[in-house]
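The lines below spell out each chain.
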Amino acid sequence: MKYLLLILLAGPLNACCMAPRDYAGDVDQAKQKVVVVHRAPSDGGPGYQEMLIQVQPYFKDADTNPDYLAWVITVPNTPARYDLAEETALKVGPELHERLYQLARQQWADRTQFEWPDWLPSNLEDRVAGKAGGVEEMPAVHVGPYTITPVRATGAEAVTSLNEYLDQRGLPQEDPAHLQYFIDNDFTFLCVHVTPPTGQATLGRSLHLPPLVLGFETAKPYYPGKFSSRQGNFALDLTIISDSTLQGPSYSAASRRLQAVEPGYVRLVNLYTLKGIPGDLAAALGDRVLEGAPSKWYVNRIQSPGFNATEDGKPAISIWEDDVFFTLGTVEDEIPGFWYYADDDIPFYEKWMREHAMAFMVIAGILLFSTLFIKTRINRRRLLKDKA
């Protein structure tokens, strides 16, 4: 209980990172780095996700630093795994996507440059949209510098119950509208307590926290963005690695919401690797997410310089109606395989076919059609001449 009280005394639960109430300054975030590894529901079982998340909070508007920090993370289910990851593991996701992205650009450039003529028909589409409430406090989990207390509020009166829970302890109550989405969808609040390193009385001006690993059940890949409305306009580097494709419209909608920067003129969604998850990242993941690994891991990345700019006096996140989930796609959401082969080691003849077969077949078809058309015209003229 003492860890929960220390966290709640930090202030309202409508911010991701919170300084103590008596701290004269404020806390914002500079950046979040996140790697999500997701397994789709299968054989009647739920989907499962492991998330590496690192925040970069910094203190401002005061000459001193606080003696602790509270960090609240929302998750759709109570985690089954808590752990720490090395910095190298967190870097693997972006590096993997960058490698696959450069391969895709090269493979696209190597193919025969053939464009579908405007005068030919095309149907191609651009794919690149009852009970009384109560509060349950679960046992605290200690992971490295973090003490994590999961808290849930359930039932029809959950918002009222949670606010009464806070009020009875002399704590500020929360805006019911802000809490309602998380209550309606049965989220768990992870209250993370961060204290200074041994021998230090206060935290540093800016914190370099180790990546936290959380494993929890979810049918769709999830990024906890909605609860960070008062964290300033922080940057985001989010990599999603999944055993299923992401639906194109869902990925595009999330990219727009997170104000992603596109690296090129063409958005390449659902790049994949056939070589498995690289070692440093795999070492940080649990057996549940790696068991029965698929032949393809799909890799997507969203980079944003900031998606929480203030408009009309309100942070952009504050008007979100829901949090960031990515709908899983189908084989139709894959990059066309006639030119893209990712990091597969294919023989020379297959490489030639992928690069040039489409153009070769189209040109051969046009030549065949033209030959038949001309020959038909010649035969018709000959027949008319013979009749005359």
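Predicted, not measured: the structure shown is a model, and the values here were computed from it.

Draft legend 1. Main features of the nonpolar core. Judged by nonpolar contacts, the single largest core of 55 residues is most densely connected at Leu214, Tyr223, Leu238, Leu258 and Phe326. Sorting elements by how many residues they give to this core places strand β4 (residues 69-75) first, with five residues. Once residues within four sequence positions are removed from consideration, Phe326 is found in contact with Lys220, Pro221, Leu238, Ile240, Leu246, Ser250, Tyr251, Ala254 and Ile302. With 29 residues, the next largest nonpolar core counts Ala89, Leu90, Leu100 and Val299 among its residues.

Draft legend 2. Fine view of the pairing of strand β8 (residues 146-154). Across the nine residues of β8, eight count as buried, placing the element largely inside the fold. Pairing of strand β7 (residues 141-143) with β8 involves three bridges; the strand directions are antiparallel. Paired with Val141 across the strands is Ile148, a residue of β8. Following β7, the chain reverses through two residues before pairing antiparallel with β8; Gly144 in that reversal takes a positive phi of roughly 55°. The pairing of β8 with strand β9 (residues 188-194) spans six bridges and is classified as antiparallel. Bridge pairing links Pro150 to Leu190 in β9.

Draft legend 3. Representation of the environment of Gln56. Structurally, Gln56 can be placed in strand β3 (residues 48-60). The exposure class of Gln56 is partly exposed, given its relative accessible area of 24%. Gln56 sits 24 residues away from Gln32 along the chain, and the two C-alpha atoms are 6.3 Å apart.

Draft legend 4. Geometry of the environment of Thr330. Relative to the assigned elements, Thr330 resides in the loop between β17 (324-325) and α8 (348-387). Among the residues examined, Thr330 registers a relative accessible area of 47% and is labelled partly exposed. Taking C-alpha positions, Thr330 is 7.4 Å from Ser244, a pair spaced 86 residues apart along the chain.

Draft legend 5. Just unusual backbone geometry, in detail. Although it is not a glycine, Asp186 sits at a positive phi angle of roughly 60°. Within the secondary structure layout, Asp186 lies in the loop between α4 (176-184) and β9. The phi angle at Asn270 is positive, at roughly 65°, despite the residue not being glycine. Locating Asn270 in the fold gives a position in the loop between α5 (248-257) and β13 (271-273).

Draft legend 6. Highlighting the packing of aromatic side chains. The tally for this structure, following the rule as stated, stands at 15 aromatic pairs. Here Phe216 and Tyr222 contribute two aromatic rings whose centre-to-centre distance is 6.5 Å and whose plane-to-plane angle is 75°, an arrangement assigned as edge-to-face. Judged on exposure class, the residue Phe216 and its partner Tyr222 are both buried. Pairing Tyr272 with Tyr340 gives two aromatic rings, centres 5.0 Å apart and planes at 75°, and the pair type is edge-to-face.

Draft legend 7. Molecular detail of α4. Listing the buried residues of α4 in full gives His178, Leu179, Tyr181, Phe182 and Ile183. Once α4 ends, the next one or two residues include Asp186, with phi positive near 60°.

Here is what the cut-offs are and how they apply
Residues numbered from 1 in each chain as written. Predicted model: local features only at pLDDT ≥ 70, side-chain atom pairs only at ≥ 80, totals over all residues. Heavy atoms only, no water. Core = buried A, V, L, I, M, F, W, Y, C linked by side-chain atoms within 4.5 Å. Buried < 20%, exposed > 50% of the residue type's maximum accessible area, 1.4 Å probe, protein only. Helix = DSSP H or I, 4+ residues; strand = E, 2+ residues; numbered from the N terminus. Contact = heavy atoms within 4.5 Å. Pairing = 2+ DSSP bridges. Phe/Tyr/Trp six-rings, centres within 6.5 Å; stacked < 30°, edge-to-face > 60°.

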